[in-house]
Structures are given as structure tokens and as C-alpha cells.
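A look at the structure
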Amino acid sequence: MSTLPVLSISDLIVEFPTRRGVLRPVDRVGFDIARGEILGVVGESGAGKSMCGSAIVGLIDRPGRITGGEIRLSGERIDTLSQEKMRRIRGKRIGMVFQDPLTSLNPLMRVGDQIVETIRTHLPVSEHEARRRAVAALEEVGIPAASTRIDSYPHQFSGGMRQRVVIALALAAEPELIIADEPTTALDVSVQAQIMALLKRLCRDRGTAVMLITHDMGVIAESTDRVAVLYAGRLAEIGPTRDVLSSPRHPYTIGLMASTPSPTGGADRLSQIPGAMPNLRAIPPGCAFNPRCTKAFGPCTSELPVLKPVGRNEVACWLFDDALTGNPNKAEENA
Amino acid sequence: MADTQPKGAAPRPVFSGAVSPKSRLQRWADSDIWYSFKRSPVTIVATTVFFMLIAGALLAPLLSPYTPFDPGSLNLMNGFTEPMAANAFTGDYFLLGTDDQGRDVLSTILFGLRISLFVGITAVLFAMTLGITLGLIAGYIGGWLDGLIMRIADIQLTFPSIMVAMLLYGIGKGLIPPALRDEMAIWVLIVSIGLSEWVQFARTVRGATLVEREKEYVQAAHLIGLSKWSIMLRHILPNVAGPILVIATISLALAIIAEATLSFLGVGAPKTQPSLGTLINVGRQFILSGEWWILLFPSLTLLALALSVNLLGDWLRDVLNPKLR
Amino acid sequence: MLAFIIRRIGQALLVLLAVGFVSFAMFKFMGDPLENLLGQEATLADRAELEERLGLNDPIPVQYMQYLARAMDGNFGVSYRVGLPVGEVILSRLPATLELAALSGFLAIFFGIIFGIYTAIRRDGFIAQTIMTTSLIGVSLPTFLIGVFLIWAFAVNLGWLPSFGRGQTASVFGVELAILTWSGFKSMILPAVTLGLYQMTLIMRLVRSEMLEVLRSDYIRFARARGLGDRAIHFGHALKNTLVPVITITGLQLGSIIAFAIITETVFQWPGVGLLFINAVNFVDIPVMSAYLLLVGAIFVTINLIVDLLYFVIDPRLQADRAGGGGH
């Protein structure tokens, strides 16, 4: 087995030409996901999380397109593949789970037919065999009486059950990578944990890598191995989940943690980051966070920071540039 | 757009007075409507054509080279003169030729356009007034009146408006003494088409009223003692001006086509006051004998009119109210 | 489910009663009801006898019921214009209109759906753009102009097809149909195209916009994410979901074919009920007008009812909702 990461993206740029100029919802983002690893991707809505996921599977809505960087799946470059080759990868080698199970399934088609169709698109098996596998897949995601429920329509399942069906569909062809875009956001709180546990268990069992897009820090804390923080289409910080949560470095990540209630943290009052994430049309020069950052100084408003290792994390912030800053931040970090 | 809403615009001098004319012009130039207009060559052409046709209709008595409906000025010798050629007997010249009676086709088109536009616009104004009134009543007063109005609207919507118009025309004709039928024909036409188009206005206004009625400013207006009618006219109506304008434009296209169709079928404008539809009906009789111009030019005019209004309506709908389909 | 069907039929009957009342009111209050029933050549004795028998002094609701009862029997009075019983006249004209409407409805649905799907899938293609632009002209074109143009092109200039009339007819179970003979079929082509063209453009634009809407939906995104091919997505998933809303509106469009047949029949002198109606309007032939209204009302209400029930059969969600809770 190779030691290559399942997914490796570097300097990925996605652009949308609009009538008021070119927008960049994803700007020079790069990260790896190893076999069996779960990478959390967090950020506010509009930070480019979902766009990143769409870019990986080659499903960016027109007129957007990838204009820079590369995406590799187990070492093979996939961002330059033809439509048809990319289609064969989707569902087969990369599975996806979307946010809303109510709308992810075709309402007029039995769930079994949707699974059978997916299996037969990717694997050379008979209708009968595909159906047998579909039943097995439904059983595996914990749908009771799978052999009869297979002929039900989506509306006959509850939200949680439907998301289980969606997961069964995503895993039907045994992909190497699952991209789960807010898989629990639309569900009842009571069901969220079950679905996350299910997703985690299935992926651990198969060694499937997972890119988990979410804005829920609780989900990040419980389920992910590493976490990437996106802000205005750029990677602000990335590192092992424990380190990012316990000692965030980027002022934005710090603000994000402070604004999230923590199950272990004390009763400190939640703080809020002043201001709002800039519109994609009006990203300030330099670091995109600088107008809201309390520690902004000289280069922040003019030059773009690049990712630098700080402890076990990597951070894109001028505060951690030795040449520019004095000791206070260093000292803080060493403490 | 202001001229369709004279009542809505008048009672707001307090607010608009503070804005100087220059900045209002500036705001208009910056607006999305103007931007979208500049970016859409089709809309620019459609608007130009529409206003040229309006101008042609308004100035028909001045623009027409001949007086087609003055029997004294007609010369039967001029009958069937080809376009852009002098008549073989009289030497008279007609840009678009003449019909069997020797009437100048260009002049009949200009006067026909006048009738078509008059009927179309008046019918839409009538439908609009009726629809807005009934919509406001249904939405604001509600109760059994609402139920009754909307039930009638539902039943009427079951039938295509052109059929409703024909039926109403037939009823109207039946109610009028035979001696007055020709004289009243235009008005019967206007009322029938108007009555066949009110439903869309009423539904939109009712829907918007139901939403607006619950808003705080309407509650506040109610509390300071404004009457129901004044609340509806001054406060609710301006909020639905956009959708109403869109529906009015689309209805105008429908009304023009309905008028032309009825007149073409011989149940609309009388022969003494021919509209474009009547002219096309006349022209059709010469389709086999080769006098194509009598049919072609009125048809093209009608097509230009209907198409330009439709294009304008489509554009307005996209700009003002993308959700309305 | 049963409750839904019963309620729907109830609504249909209510609409029909309302339309019937308008029809009755025309018959009763416009012109002379006795003349309406007997025709203009009736003698005074006939009139007196009928006035007695009909109970014209009964309360209005009673008279309305009697009118409906007579209508059920097909007795709509006597046409002023042709002096024959209206029921008979309409019945003899009906097959012509129905076969014309059926052919043009078929053309409209068939080509409307095909073009609609094509223009949705190849949204930015040159051909699709051309079709869309042309269709806007088609929507703006009054039906009668299309008819006149087709006559000019195919009958006058090319001489391929007849410009008016119905050609020969053949009798099937006592019903005279033109479509069964060669000359009849040829006569039918131009009117059917004229009548269908407008409906086709509407259906096409509707299918296109619904399909684009569906193609933007989450489950289509998810289907793409599952690696399904374009074919499976367009025809396996999108098409059925597109057709659900399309059926409703298309059904209503079919009703309006009957109404627009008035225009087409006049242009082509096609001897159907539409031509009968327009002549009735011209001559203020009240009995024919009121009978026609009732007939068209019945056809429309039936179509609406069928469409609603069909909608219900196609969408599995509705069945569950109705079975579960009743209303929506």
C-alpha cells in the first residue's frame, strides 16, 4: 500500500467571472488527507468550504472554474481530467454526502433504484447482484428491515434515516474518499451524533479518508483528526484538531474558538468577533482578516501572509513572521 | 413608468420633495433598471419600436399622406396600386400601395394602429382599475367578499381570456339595440377585453395586500385614524406598483392580440373604424389574387407591436420581479 | 385518497353549476326565452302552449333546475340563425372540432416536450438559442396570423395543401371523421399546425424552465456526485420530475385548444363548433352561445379533473400525504 495521501490539493484557486469582476471563492488553498483520516474544514458560510468540495469532484457551477493549483487523488492528478473520466471517479472513488437529506434524494424514485443505479454505473454487476448489494448497504447503515424498505420512496423515511440512505449511496462503490458537506446540519440534534458516529465507524472500517465540511465546532472536536480553518476563501490555519482547538494561533481561529461554547471550557462568556467576513467582491488587500483583527500591524494591510509552521499547526499570519515581529508573540507561543 | 400610477405618485410630496431633481436623475442612472436596460440591445430596440408605433398612432392625422376614411377623397381608379410605384391611371404614388377601394395602405395602418392601441391601452387600464380594486377589497376586507371575488376569479381563470372576451362581446352585443351596435362596438370591445384580463391584477394585489396588511406601518396608519381606503391607496398600493406594471405590460400584449383576433374574426372593431385586425381580415381576401401588400403591411405592424410589448414585458419581469413567472 | 377524489369532483360540479348559471342567465334574460326555445317562426299558439308548459313564472332557481334538466337531455332550444335544434347542430359539428383539437394537442405535446428538453439540456447551444428566440416570436404571433401565413406559404405559393374546408370524411360508428381520408388528412394539416404551434411554444418554454429548475436541484447535484452519466441524469431523473408540474399546466393548455379552435376554424373555414360559435356571436344567436358555453365549460372542468387525478397518480408523495393527513 502506498504512503501517498488519498487527497492532496495544493494552491487551489477557483474563480467566478461576474459582471462586476472576477471573484475568487477559493484562493490558494492546499492540504492533504491521509488514508483513514478525517479532516475537518471549518469556516463561516461563504468562506469557500463547499466550493472546495465541489472543486475536488469537478462539480463547480458555471461559470466558475479552477484556474490554478492541482488536485491529486492517490497521487493521480484529477483536476485536469476530461468530464467523462471525472464522472467515473465521482461515486466510484470519491463519494459525497450533502447537507440536506430531504432534498438529496430523488423524491419520485424508490431508494433501492437509486442505489442499484449507482452501483451499476460503477461496477459490472447484474441487476440482481446490485440489488443484493443495495440491501446489504442499507443494512450496514442501520436501516431496519432493509430488504423491504428498499422499495420505499424517500418521503417514507425520517430525516435521519434518509441521511443513512445518502451515506449508503455515497459508500455504495467503496470510494477512497468521502466528502461530507455539513452532513448533520439539517438533522435533529438527537440524530446528529448517531449519523456522525455511523459515518466515522464506516470510514474507519474501510480506511476511507473523509473531508468533513462543517461550521459546527462540536462536530470538529468529536470527530476529526485534523482541522483546516478557511476565511474568505483562504486557509488561515491547519493542524491536528487537538492543537488547533486548544492552542489556536491565527487571530481568526482564536476568535472562532472564543465564540464557540466548549463542553470542557469554563463558564466564560462567549465573545464575538467584531465585524463580518468581507464580501468576495471586496476582499481587502493583504490578510483578508485585517479589518477585524485587533493585532493587525504594518504588513497585514498590504501583503498576503503565507502558511508557516507554528508549533504543530500551520498558520497564515504575519504575527508569526520572525523577521517582522518582536518577541511578545514568540514569548507567548513558547510559554 | 410614472404615468401609469398618477394616483400613487401624487400624495407623497413630503418625502420626494427633499430629493433634488439632479440626485434623482443620478439615482436613476445608477439603478439596476437602467444598467440592465443599457445592457440589453433587444430591449432598447423593442422600446424604440414601441414608442415609434405610439408616436405613429398619436400623430396619425398629421403623418398620414391621405385621409382614408373620407369617401370624398377616395378614387376607385387608385385601387390595387402596388407599393412604391405610381398608379397606372392616375399617376398617384403610394408608399405601401392601396387596397381595393383605393385607400392608401400606410394611412389605414396608421389609423388602424390608433384604434388597436386605444382599445388595448384602455382595456388594460380598465382591467387594472377593476383588478386592483377587487384585489384590495378581497385582501384588506377579506371575509365572504374575499371568498366570492376569488371564486369568480378561479372560475374565470379556467377559461382562456380570449374566449371570455368573445363571449362577453357576444353578450354585450346582445344587450345593445341593433341600431347602436356599430357605434358602440369599440366600447363593447374594450369592456369585454378588460373584463377578461382583471384576474391577474386582482390576485397579485390581493396577495401583496395580505402581506402588507400585517406590517407595522399599516397597523400604525390604522391607529392614527386613517381610513381603510386611504391606507390601501396611499400605503399598500405603492408597494405593489412593480408587479402591477409587469402584469400591465404583459396584459397589454394580450389585449392587443385579443383585439386584433376579435376584429379579424369580424366580432370586434367595425369596418368603419378598422383596427389592425380588421385590416388583416380585409387583406386576407386578396391573398389568392396576388395583392400581397394589403395583407403583409398591417400584419407586420401588428407583429412589431405585439413583439415589442412582449419583449418589454419579459424584460420588466426579469428586472422588477424575477419570481413572477 | 378517496376523500380527495370526492372533494375534487365536488369542486368540479360546483364550477359547472356556476358556468351553467351564466349560461342559463344568458338564455333567460337576453332576448326572448320563448323565441330561444321555439325559433323565430313559432306561432302565437305555440308560444302560449310552451309558456304554460315551461312555467316561466316559476322562481328563478326552479327555472334554473329545469334549464339544467333540459340541457342534460340535449335540449338547448332552437338556433335563431339556422332554425334547427341547437343540440343537433352542435353534435353534428363536434367531431370536426374534436379531431382537430386532438391532432394539434398531440403535435403540441410531442414537439413541445422534445424541444423543451433539448433547449434545457443544451442551454447555451446555438440551435437551442435559435429555437428559444423563434419561440418568443411564436408567442407574440396571434394565432390567426400564423394561419394566414401558412395558407399563403403552403396553399397559395406552394399549392401543396388545401387552404380551407375539411375535405372528405369517412364514417366510423356513425361519426364522420376527416382524418381517415387522404383529402381530409391533407385539409387537417394546416389547421392542426396553426392551432398547435402556439400551444407547442408554451409547452416548450414551460418544459424548459421546469427542467432547468430541476437540473439545479440538490438531488440532481447528488446524482452527479454519484457519478451518473448525463443520460441517466437527464432522462432517468430530471425528466419525470419535470413532467409532474408540466402535466397540470399542459392539461389546462389542452382546454384552451378548444377555445383557440374558434380562431383556427374561422381562418380555415373548418366546420366545427368554433366556427358555429363565432357565427352565433355575429348574429347574436343566444341559444347557440349559451349551449356552447355550457359545452366548453363541461369539457374544461372534465380536463381539469382528469389532470388533477393524473397528478395524483404520478407523484407518490401526494398519495402518502393524502392517505396520512388529508389536506395539504
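Below is a summary of the structure that appears in this document. A quick note: this is a predicted structure, and the numbers were derived from the prediction, not measured.

Turning next to the sheet that holds strand E9 (residues 226-231) of chain A. Residue and element names in this part refer to chain A. Taking strand neighbours across the sheet as the criterion, the 8 strands line up as E6-E7-E8-E3-E9-E10-E12-E11 in an open arrangement whose pairing is mixed. Sheet topology places strand E6 (94-97) and strand E11 (307-310) at the edges, where each strand pairs with a single neighbour. The sheet shows a mean angle of 20 degrees between the axes of neighbouring strands, taken without regard to direction. Relative to strand E10 (residues 234-240), E9 runs antiparallel, the two sharing 6 bridges. When the sheet's bridge partners are listed, Ala228 is paired in E10 with Ile238.

Across the boundary between the two partners, chain B contributes 32 residues, which contact 32 residues of chain C. For the side of chain B that touches chain C, the element with the highest residue contribution is helix H9 (residues 161-175) of chain B, accounting for 10 residues. A class-by-class count of the residues in the side of chain B that touches chain C yields 23 nonpolar, 7 polar and 2 charged.

Time to look at the interface of chain A and chain C. Every contact between the two is made by 24 residues of chain A and, on the other side, 19 residues of chain C. Elements supplying a minimum of two residues to the side of chain A that touches chain C: helix H2 (83-89), helix H3 (101-104) and helix H4 (111-122) of chain A. For the side of chain A that touches chain C, the element with the highest residue contribution is H4 of chain A, accounting for 4 residues. Residues that form the side of chain A that touches chain C fall into these classes: 9 nonpolar, 9 polar and 6 charged.

Time to look at the pairing of E9 of chain A. Residue and element names in this part refer to chain A. Along E9, 6 of the 6 residues are buried, which leaves the element largely enclosed by surrounding structure. Where burial is concerned, the two faces of E9 agree: the one with Arg226, Ala228 and Leu230 and the one with Val227, Val229 and Tyr231 are both buried. Pairing of strand E3 (residues 38-42) with E9, which is carried by 4 bridges, proceeds in the parallel orientation. Note on E9: the bridge partner recorded for Val42 is Val229. Remark: 2 residues form the turn of the hairpin made by E9 and E10, two consecutive strands paired antiparallel; Ala232 in that turn has positive phi of roughly 50 degrees.

A separate point is helix H9 (residues 218-225) of chain C. Along H9 of chain C, the residues that are buried comprise Tyr219, Phe222, Ala223, Arg224 and Ala225 of chain C. Those residues of H9 of chain C that are buried are in contact with E6 and H3 of chain A together with helix H10 (230-268) of chain C. Just past H9 of chain C, the residue Gly227 of chain C takes up positive phi, approximately 85 degrees.

Residue and element names in this part refer to chain A. Across the 8 residues of helix H1 (residues 49-56), 8 count as buried, placing the element largely inside the fold. Taken together, the buried positions of H1 are occupied by Lys49, Ser50, Met51, Cys52, Gly53, Ser54, Ala55 and Ile56. Directly after H1, the chain includes Gly58, whose backbone phi takes a positive value near 70 degrees.

Analysis parameters
Residues numbered from 1 in each chain as written. Chains lettered and ligands numbered in written order. Predicted model: local features only at pLDDT ≥ 70, side-chain atom pairs only at ≥ 80, totals over all residues. Pairing = 2+ DSSP bridges. Helix = DSSP H or I, 4+ residues; strand = E, 2+ residues; numbered from the N terminus. Axes fitted to C-alpha atoms, helices over the stretch in contact; angles between N-to-C directions. Contact = placed C-beta atoms within 7 Å. Nonpolar A, V, L, I, M, F, W, Y, C, P; charged D, E, K, R; others polar. Buried ≥ 20, exposed ≤ 12 C-beta atoms within 10 Å, placed from the backbone.

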